[in-house]
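# Structural description and commentary
What follows is the residue order along each chain.
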Amino acid sequence: MVLFRQITRIIFFLVFTLWLMPCQWIAKYLYPADKHIVARFWHRNMLKFCGFKIDKVGETATGPVLFLANHVSYLDILVLGGVINACFVSKVEVAKWPLLGKLAQLQNTIFIDRARTRGAIEKGRKAVQRAFYQKRRLIVFPEGTNTIGNVMLPFKRALLEGRTIQGYKVQPVSINVLAVNGAPLKHDKDYEVYGWGDVLFINHFWTLLGQKSIHVQVTMLPFIPVPNDVITHDTIKQAETLITQSLDLAPLTALDKQDALVAQ
């Protein structure tokens, strides 16, 4: 039964994705006011077919918004993409992923080089600032990488701190996996069904396709004030605190951070 589920879903994934890619390209010109209409349709239907149940709590801000979210897995893009009308800021490696990378490019994802060089950081900051000037709604994962969801890493500030966001709201978003196959998560192996730790992408994706159901809660948290329309250290820290509290996680110690399971 599990193998049948995996084969059926991988066929659906390939056919559905290949069919929608030209639709996404066309929609960018037919619906310039809503360039994510096809992407949202893809995200929602992929999740539904793969047995996901998404509970959205709270109201999503309207107008220009910077959404700051914790990062558990590449699946966060499907989950948030299905409930929020915005484009993502993602690592440049995603652009090279088969099918998913091309789809990400079509939905106006901003790709950032995560190299810790001055040039890479400054290039990323300029790309994000340009998006702010264009009033694009952005989803950013400030941890800089993903955990498996049982901890949250400190938010990195280099990409956003000091950026001018005139007219924007900042809204933190928490992603919490509540259950897999109807059972609450208790051990690392439970978290790793959705969360992507130190395992090959294809192995994780194949295992995921065999699950009966995955229950995820997305919580839209209160807005964070942005004095003088400039993102500060306090802005990012407040978002980190609100999300940590929403997930009921304790602040990380140095040892916790060293032992946290994260993607490579």
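To keep things clear, this report deals only with the structure shown in the data block.

Cut-off values and rules
- Residues numbered from 1 in each chain as written.
- Predicted model: local features only at pLDDT ≥ 70, side-chain atom pairs only at ≥ 80, totals over all residues.
- Heavy atoms only, no water.
- Helix = DSSP H or I, 4+ residues; strand = E, 2+ residues; numbered from the N terminus.
- Rg over C-alpha atoms; globule rule 2.2 N^0.38 Å.
- Buried < 20%, exposed > 50% of the residue type's maximum accessible area, 1.4 Å probe, protein only.
- Areas by Shrake-Rupley, 256 points an atom, 1.4 Å probe, with all protein chains shown as cover.
- Lys, Arg positive; Asp, Glu negative; His and termini not counted.
- Charge placed at Lys NZ, Arg CZ, Asp CG, Glu CD.
- Expected span 1.5 Å × (residues − 1).
- Bend = angle between axes of the 7 residues up to and from the residue.
- Phe/Tyr/Trp six-rings, centres within 6.5 Å; stacked < 30°, edge-to-face > 60°.
- 1 Å grid on protein atoms, 1.4 Å probe; cavity = no way out; pocket = protein on both sides within 12 Å on 5 of 7 lines; lining within 4 Å.
- Points joined across faces, edges and corners; volume = space filled by probe spheres on them.
- Nonpolar A, V, L, I, M, F, W, Y, C, P; charged D, E, K, R; others polar.
- Contact = heavy atoms within 4.5 Å.

### A few points about the overall build of the protein chain
In terms of regular secondary structure, the protein chain is built from nine helices and eight strands. The C-alpha atoms of the protein chain give a radius of gyration of 18 Å, which matches the 18 Å a tight globule of 264 residues would have. Projected onto its principal axes, the C-alpha positions of the protein chain cover 55 × 50 × 35 Å. Buried positions account for 47% of the 264 residues belonging to the protein chain. As presented, the protein chain carries roughly 13,300 Å² of accessible surface, and 59% of it is formed by carbon and sulfur atoms. Each charge sign in the protein chain was given a centre, from 31 positive and 19 negative side chains, and these centres are 9 Å apart.

### Quick look at helix H1 (residues 2-30)
The first and last C-alpha atoms of H1 sit 40 Å apart over 29 residues, in line with the 42 Å expected at 1.5 Å per residue. Its axis deflected by about 30° at Met21, H1 carries its strongest bend there, up to four residues before the proline Pro22.

### What to know about the packing of aromatic side chains
As enumerated under the stated definition, the model contains 11 aromatic pairs in all. For the ring pair Phe12 and Phe16, a centre distance of 5.0 Å and an interplane angle of 15° mean the geometry is stacked. With Phe12 and Phe16 both in helix H1 and four residues apart, the pair spans about one turn of that helix. For the ring pair Phe13 and Trp42, a centre distance of 6.4 Å and an interplane angle of 55° mean the geometry is tilted. Of this pair, Phe13 sits in helix H1 while Trp42 is found in helix H2 (residues 37-49), placing the two residues 29 residues apart along the sequence. When its relative accessible area of 2% is taken as the criterion, Trp42 is described as buried.

### Regarding unusual backbone geometry
Residue Lys135 is not a glycine yet carries a positive backbone phi of 60°. In this structure, Lys135 sits in the loop between helix H5 (118-133) and strand S5 (138-140). The class of Lys135 is partly exposed, set by a relative accessible area of 40%. One non-glycine residue, Asn181, lies in the positive phi region at around 55°. Along the chain, the position of Asn181 falls in the loop between strand S6 (169-180) and strand S7 (183-184).

### Here's the deal with empty space enclosed by the protein
A full pass over the atoms with the stated rule returns two cavities of 30 Å³ or more. Volume-wise, the largest cavity comes out at about 290 Å³. Residue lining of the largest cavity: 24 residues in total, with Trp42, Tyr74, Ile77, Leu78 and Leu100 positioned closest to the centre. Where the lining of the largest cavity is concerned, the elements lending two or more residues are H2, helix H3 (75-83), strand S3 (87-91), helix H4 (100-106) and helix H7 (201-209). Counted by class, the lining of the largest cavity contains 20 nonpolar, four polar and no charged residues. Here the second largest cavity is characterised by a volume of approximately 40 Å³. In terms of lining, the second largest cavity is formed by His36, Ala39, Arg40, His43, Gly81, Ile84, Ala86, Phe88 and Gln107. The element best represented in the lining of the second largest cavity is H2, accounting for three residues. Residues that form the lining of the second largest cavity fall into these classes: four nonpolar, four polar and one charged.

### A look at H2
An α-helical turn contains 3.6 residues, so any two residues separated by three or four positions project in the same direction. The end-to-end C-alpha separation of H2 is 18 Å, in line with the 18 Å expected for 13 residues at 1.5 Å each. Listed in full, the buried residues belonging to H2 are Val38, Ala39, Arg40, Trp42, His43, Met46 and Leu47. Positive backbone phi, approximately 85°, marks Gly51, located one or two places after H2.

### Quick word on the side chain of Glu240
Mapped onto the elements, Glu240 comes out in helix H8 (residues 233-246). Judged by its relative accessible area of 13%, Glu240 falls in the buried class. Those residues in contact with Glu240 that sit more than four places away from it in its chain are Met152, Pro154 and Phe155.

Interpretation note: all reported values are geometric properties and have no functional meaning in isolation.
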